[in-house]
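Structure at a glance
Now for the letters of each chain:
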Amino acid sequence: MVKGEGRTWDIEDLTNILQNAPRVSDIDDEENAIMHANPRVPKFAAAVPTRITRRQQEHFRRSSAFSRDRQVHHGSVKHKNFDDIKMTTLTERAAVVESARCLKCADAPCTRSCPTSIDIKMFIQCIATKNYYGAAKAILDNNPVGLSCGMVCPTSELCVGSCNMAATEEGPINISGLQEFACSEFMKLGIPQTRNPDAGTGPAFDQPVAIVGAGPAGICCANYLGRLGYSNINVFEKSEMAGGLSSYEIPQFRCHYDGVRWEVRLCEDLGVKFNYNKALGTDFTIETLKKDHAAVFLGIGLYKAKKASMFEGLGPEHGVWTSKEFLPHVSEASKPGCSSKKKSLPALQGHVLVLGAGDTAFDCVGSAFRCGASRVTCVFRKSFTDMRACFEERELCIRECTDFLSNAAPHKVHLDASGKIEGLEIMFQDQLDTDDVASEVGKYREAGTTHMLRCSAVITAFGCEVAEDMKTALAPAAFNPSGFLMVNGKRQCGAPWLFAGGDITGATMTVEAANEGKLAAWSIHEYLQSLHKIVVSPTPQLPLFHTAIDDVDVSVTMAGVRFPNPFGLASAPCSTSAAMIRRAFEAGWGFAVTKTFSLDENLVTNVSPRIVRGTYSHKYGPHQPSFLNIELITEKTAAYWCKAMHELKRDFPDRVIVASVMVGYVKEDWQKICKKSVEAGADIVELNLSCPHGMGEAGMGLACGQDPAIVEEI
């Protein structure tokens, strides 16, 4: 008896069942509803009306960076929302995956393109192995404001623009995102910076140093002086918080204040003292600083905004802002901890015009949306392809549905009856044909056609300069025709004890300002030491980043031998020569196993190197997990390796050298080669009884190692 479809059938009545019983193979409506999404072999082309597809899109379309959905991406929906919007920001999983793509180029063009010369392939390799402290240390070694730079650097014009992976389908490595990730992960640990045990001490390092300006240049200068050992460093900042542009002008959605404050704390860890609300020209002068300090570094920014004559006499109360008025106001209201006073965002509404097309102008665009503007138009004199803003900034504005009006310059301001701006008349510009693409002189001229733009506010971003009263306060420093401080190769300006760097000397990026402060620190060190008749290297030898982690004892003891650390070179192509082992010891490796050597009568001819891919993965290139060595033993003589071990132990007495030796089943040969190895300085002797390829045929290696009795006798 069988049961089916709620009834019982007798198999003996099969003929009747096959002919008359209800169908059991039909798919009912309920099953169809459950299985409607299962794949089917189509019999006809799909025919769905567009109106139905559009209706379905409303249910299934996801928000993406490339969507034109104004309800999701338009800047006006970001009112008071200062969350990170950078396209480069990475999660941990994304960072590890991205780092695995790096080629680790030998002569890495990314490092060559970095103003602070960060070892980029090194920190990326550390991220790939989840060594986040190692990654952060590699960054902070060369750039104490590495987190800020990871957030704001125009990397498309620097390291990323030089990446060899740019020619691949996946594109260049997201270096800025990886840099920000590594520093952010280390910041979470809350580990303070410490001085290297080798830092200088004594009267020469007790001399007071004054640093004017707590921006990237000043912070880097102070950090490196602290690492060198100077104990009396005073930073004077006119604002109530440090960080310069990173704190007060670059918006929170691109550069969060927590990161800037952390970089300042790293300086404070070294004893650097920050004096806030102390302005040059008001609270002190260069000359008064010199009375109490042996050297002075000027790392101030350009705080006077350039303003077109038509806007003179107009300010925020009229609806006209300069970037130097608008962005600091926004930062103080939106960056937690950036101001001791509770401030409100500027109240914008309707249509806002931003004049200019540099990075600062685009920061104003994004900030205007977050201050209430329903529409923002970026108006600039040049063509779209000539705008100064970097790719990263431009893309952010495009994604937030900013309007652009190129080849247009402000011509006339229109105010309403209450004196507030209600419109701006612009003059269109003709772009001239010229063979000199790099030159902007005469490239644009007025077309004679004007147009009226209705607006509720105007923000100008025409650049900035040094105010005339500041030039007086900066004496004896002198300025060049471009309005920047003139410095020599040592960053000195006007006097041997006066140094300068950063925006005021012509730096145009945060990372360039950081590098100016970095180089100035060594020049200041050189000058201060000369006052005590101490000569230092003219080539900068700046200390690396150091924390208590670097002081942890990672030594291990094996077979009675102490290894300074458990990292070493195997007996493989990496130890082919004594010079290669020396380089490893100089880099900090704890031990090395020599390439297996033998007596002269057993010398071989190698086809070197012979390396094959690890057999447990199908991946090649950057994703390759391992290499296998199938070389023969060394071609070099026993005398060469004995001399090499002697030299290396003399120069690196704390490093462990393991002599790998191999001879045939001859008692005298084993005794001879082991004795010579120990006399040369080997800490351990490795008896190579395992090499199978090429050596077994000669009666050595595995030919001996496969017989337990022979192994025991040897």
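Only a predicted model underlies this, so the values are computations on that prediction, with no experimental measurement involved.

When its secondary structure is counted, the protein chain shows 24 helices and 25 strands. The globule rule puts the C-alpha radius of gyration for 714 residues at 27 Å, and the 35 Å found for the protein chain is more than 25% above it. Principal-axis analysis of the C-alpha atoms gives the protein chain an extent of 115 × 110 × 55 Å. Considering the protein chain as a whole, with its 714 residues, one finds that 48% of them fall into the buried category. For the protein chain, the share of sequence-separated contacts (at least 6 apart) that also reach a separation of at least 24 residues comes to 69%. Accessible area of the protein chain: about 36,200 Å², with a carbon and sulfur share of 53%.

Relative to each other, helix α8 (residues 132-142) and helix α10 (residues 175-189) sit at 110°, their axes nearing to 8 Å. Considered as vectors, α8 and α10 are oriented roughly perpendicular to each other. Judged by the twist between their axes, the crossing of α8 over α10 is left-handed. In contact with Tyr 132, Tyr 133, Ala 135, Ala 136, Ile 139 and Leu 140 of α8, α10 contributes Gln 179, Phe 181, Ala 182, Cys 183, Glu 185 and Phe 186. Of the residues belonging to the contact of α8 with α10, the class tally is 10 nonpolar, one polar and one charged.

A word on the pattern of salt bridges. Charged atoms that come close allow side chains of opposite charge to pair. A full pass over the atoms with the stated rule returns 26 salt bridges. One salt bridge in this structure joins Asp 363 and Arg 254, with 2.9 Å as the shortest N-O distance. Placement of the pair is Asp 363 in helix α16 (residues 359-370) and Arg 254 in the loop between α12 (245-248) and α13 (257-269), with a sequence separation of 109 residues. Grouping residues by exposure puts Asp 363 and Arg 254 together as buried. Between Lys 643 and Glu 647 there is a salt bridge, with the nearest N and O atoms lying 3.1 Å from each other. Of the two residues, Lys 643 and Glu 647 both sit in helix α21 (residues 638-651), four residues apart, roughly one turn of that helix.

Here the focus is the sheet that holds strand β12 (residues 408-415). If you trace the three strands from one edge of the open sheet to the other, you get β12-β13-β14, paired in antiparallel fashion. Both outer strands of the open sheet, β12 and β14 (444-454), are each paired with one neighbouring strand and no more. If you compare each strand with its neighbour and ignore which way they point, the axes differ by 25° on average. With seven bridges connecting them, β12 and strand β13 (residues 421-431) associate as antiparallel partners. In the sheet register, Ala 409 faces β13, and the bridge partner there is Met 427.

Right, let's get into empty space enclosed by the protein. This structure, assessed with the given rule, holds five cavities of 30 Å³ or more. What the largest cavity holds in volume is close to 140 Å³. Taken together, 15 residues form the lining of the largest cavity, with Lys 86, Thr 88, Met 151, Arg 254 and Glu 392 sitting closest to its centre. Of the residues in the lining of the largest cavity, the class split is seven nonpolar, four polar and four charged. Here the second largest cavity is characterised by a volume of approximately 110 Å³. In this structure, the second largest cavity is lined by 15 residues; those nearest its centre are Cys 102, Cys 105, Cys 110, Cys 163 and Ile 173. Contributions of two or more residues to the lining of the second largest cavity are made by α6 (109-112) and α7 (120-128). Here the residues of the lining of the second largest cavity are counted per class, giving 12 nonpolar, one polar and two charged.

What follows concerns the nonpolar core. Membership of the largest hydrophobic core comes to 65 residues, with the highest contact counts inside it found for Ile 211, Leu 225, Leu 298, Leu 498 and Ile 524. Mapped onto this core, the elements with two or more residues apiece are β3 (209-212), α11 (216-228), β4 (233-236), α13, α14 (286-292), β6 (295-298), β17 (498-500) and α19 (510-530). In contact with Ile 211, other than residues within four places in its own chain, are Gly 218, Cys 221, Ala 222, Leu 225, Ile 233, Asn 234, Val 235, Phe 236 and Phe 297. Ile 120, Phe 123, Leu 178 and Val 260 belong to the second largest nonpolar core, which has 44 residues in total.

So, how was this worked out
- Residues numbered from 1 in each chain as written.
- Predicted model: local features only at pLDDT ≥ 70, side-chain atom pairs only at ≥ 80, totals over all residues.
- Heavy atoms only, no water.
- Helix = DSSP H or I, 4+ residues; strand = E, 2+ residues; numbered from the N terminus.
- Rg over C-alpha atoms; globule rule 2.2 N^0.38 Å.
- Buried < 20%, exposed > 50% of the residue type's maximum accessible area, 1.4 Å probe, protein only.
- Contact = heavy atoms within 4.5 Å.
- Areas by Shrake-Rupley, 256 points an atom, 1.4 Å probe, with all protein chains shown as cover.
- Axes fitted to C-alpha atoms, helices over the stretch in contact; angles between N-to-C directions.
- Parallel < 35°, antiparallel > 145°, perpendicular 65-115°, else oblique.
- Left-handed = near helix turned anticlockwise from the far one by under 90°.
- Nonpolar A, V, L, I, M, F, W, Y, C, P; charged D, E, K, R; others polar.
- Salt bridge = Lys/Arg side-chain N within 4 Å of Asp/Glu carboxyl O.
- Pairing = 2+ DSSP bridges.
- 1 Å grid on protein atoms, 1.4 Å probe; cavity = no way out; pocket = protein on both sides within 12 Å on 5 of 7 lines; lining within 4 Å.
- Points joined across faces, edges and corners; volume = space filled by probe spheres on them.
- Core = buried A, V, L, I, M, F, W, Y, C linked by side-chain atoms within 4.5 Å.

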